[in-house]
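# Residue-level structure breakdown
Below are the chains, spelled out letter by letter.
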Amino acid sequence: MRVELFIALLLASVQGLHVARAPALRPARAAGLLMKEPPTKPIAAETNAEAEDGSGGLRQLLGLKGASVDDGKSFLNWKIRLQLMKPATWIPLIWGVACGAAASGNYHAIWNLFGDAPTTDSWGVVGEDTLKAVGAMLLSGPILCGFTQTINDWYDRELDAINEPNRPIPSGAISEMEVYSQIAALLIGGLVLATRLDSWAANEWPVITLIATFGSLMAYIYSAPPLKLKAEGWLGTYALGSSYIALPWLCGHAMFSASTITPQEVVLTVLYSIAGLGIAIVNDFKSIEGDRALGMNSLPVAFGVDTAKYICVASIDLTQLGVAAYLYAIGETIYAAVLFGLVLPQMFAQLTFIQDPVANDVKYQAAAQPFLVFGILCTALAIGHHTF
């Protein structure tokens, strides 16, 4: 088995995952919206109350539910700005870049100095490739994912007033002008960085810039009217899943030779985006009351919690099992077996999740997401190893 695969599995064993201030909605208005439909149990807004285990401060910095309420008096309001960018959501995109780099077959890591392909005897090459990967991760995670989360929170401010009233915008912890300036800075900074990365990668076509531009456009139409894809059920959920898996993967590969991206690899990233659809549904359960009240046609609203939870786990499991079968079919049997093994603990975690997806969403993602993302890396290593 290749050295990269051993290292990936070793890492898996030691890591655990995943102007005036804007006024909040008047309580009477929020109450009126909620009266339209009886809430499910437990109520999502209650599950978003500040955590009682003392982790509220850390949750705030990571952008997770259960965060403490900040007074907005930190230097340049940095805590609130960071909370808007939801750092916890950067992880899949940063990981996607790493997977794309592995799939390229041209990324040189430290172990490539010792004979493993692609071999090199230069510490300079290893150092440069590491910096290239970090640059692509910075683009995909903190900058463009941060842009996506900020613009999504702005257009979701009325929804969050119902589901997560302690979020920065509905709570009034950040002003309208501060939100606008953050959106502009992240978007412009991301596109400028993308052009520089294309130059660094010596791409004949500005592939990374095109990916960044397309991703930014998708982020806008996902959240903003009149299209607002997130209100369109299947379409919006798949758009979110593909943005979290396919785009960073292709960005990572393009950083190390865009010309070697194959049609088979593109198909695999599209398939994995179906698994991303399942992860996106997990996030929809906590917002079901507000989605229903404001006419958002998320899958839990459209199909009901009981049906949506099975759509969720089926899209996650069947996609990965299908990819494992494909790897087996093309002769990458070791990688196929490892991927199959990584699906099993996810299925085990789903036994608890489906009992109450509203209450168990965070617990499920913490238990299952590490195995999902290492499965994506396993697939990427197989693609990098295989000759099409």
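Placed above this text is the structure.
Residues numbered from 1 in each chain as written. Predicted model: local features only at pLDDT ≥ 70, side-chain atom pairs only at ≥ 80, totals over all residues. Heavy atoms only, no water.

### Focus on the side chain of N360
Applicable threshold: Numbering of helices and strands runs from the N terminus; a helix is a DSSP stretch of H or I covering at least four residues, while a strand is a stretch of E covering at least two. Any pair of N or O atoms that falls within 3.5 Å is considered a polar contact. Within protein, one atom must be able to donate a hydrogen and the other to accept it, and sequence-neighbouring residues count only if both atoms are side-chain atoms. Any two residues whose heavy atoms approach within 4.5 Å at even a single point are treated as in contact.
With respect to the helices and strands, N360 occurs in the loop between α16 (333–353) and α17 (361–385). At a separation of 3.1 Å, a polar atom in the side chain of N360 contacts the main-chain carbonyl oxygen of T352. Beyond its immediate chain neighbours, meaning those up to four positions away, N360 contacts T352 and F353.

### So, the packing of helix α6 (residues 90–104) against helix α7 (residues 123–155)
Condition: As a rule, the C-alpha atoms of each element are fitted with a line to give its axis, helices using only the stretch in contact, and angles between N-to-C directions run from 0 to 180 degrees. Here the word oblique covers every angle except those under 35 degrees (roughly parallel), over 145 (roughly antiparallel) and from 65 to 115 (roughly perpendicular). With the far helix as reference, a near helix turned anticlockwise by less than a right angle produces a left-handed crossing, and one turned clockwise produces a right-handed crossing. Side-chain classes follow a simple rule in which Ala, Val, Leu, Ile, Met, Phe, Trp, Tyr, Cys and Pro form the nonpolar group, Asp, Glu, Lys and Arg form the charged group, and the remainder, Gly included, forms the polar group.
Contact geometry of α6 with α7 gives a least axis separation of 9 Å together with a crossing angle of 150 degrees. Of the possible angle classes, the one that applies to α6 and α7 is roughly antiparallel. The way α6 lies across α7 gives a crossing that is right-handed. The residues of α7 that touch α6, namely those facing W90, L93, I94, V97 and A98, are A133, A136, M137, S140, G141, P142, C145 and G146. When the residues that make up the contact of α6 with α7 are grouped by side-chain class, the tally is 10 nonpolar, 3 polar and no charged.

### Quick word on unusual backbone geometry
Among all residues save glycine, negative phi is the norm, and among peptide bonds the norm is trans. The step from P225 to P226 runs through a cis peptide bond, and the omega angle for that step is 10 degrees. Mapped onto the fold, P226 is located in the loop between α10 (207–223) and α11 (234–254). A positive phi angle is found at K86, which is not glycine, with a value near 50 degrees. With a phi close to 40 degrees, K228 is a non-glycine residue in the positive phi region. Turning to its location among the elements, K228 is positioned in the loop between α10 and α11.

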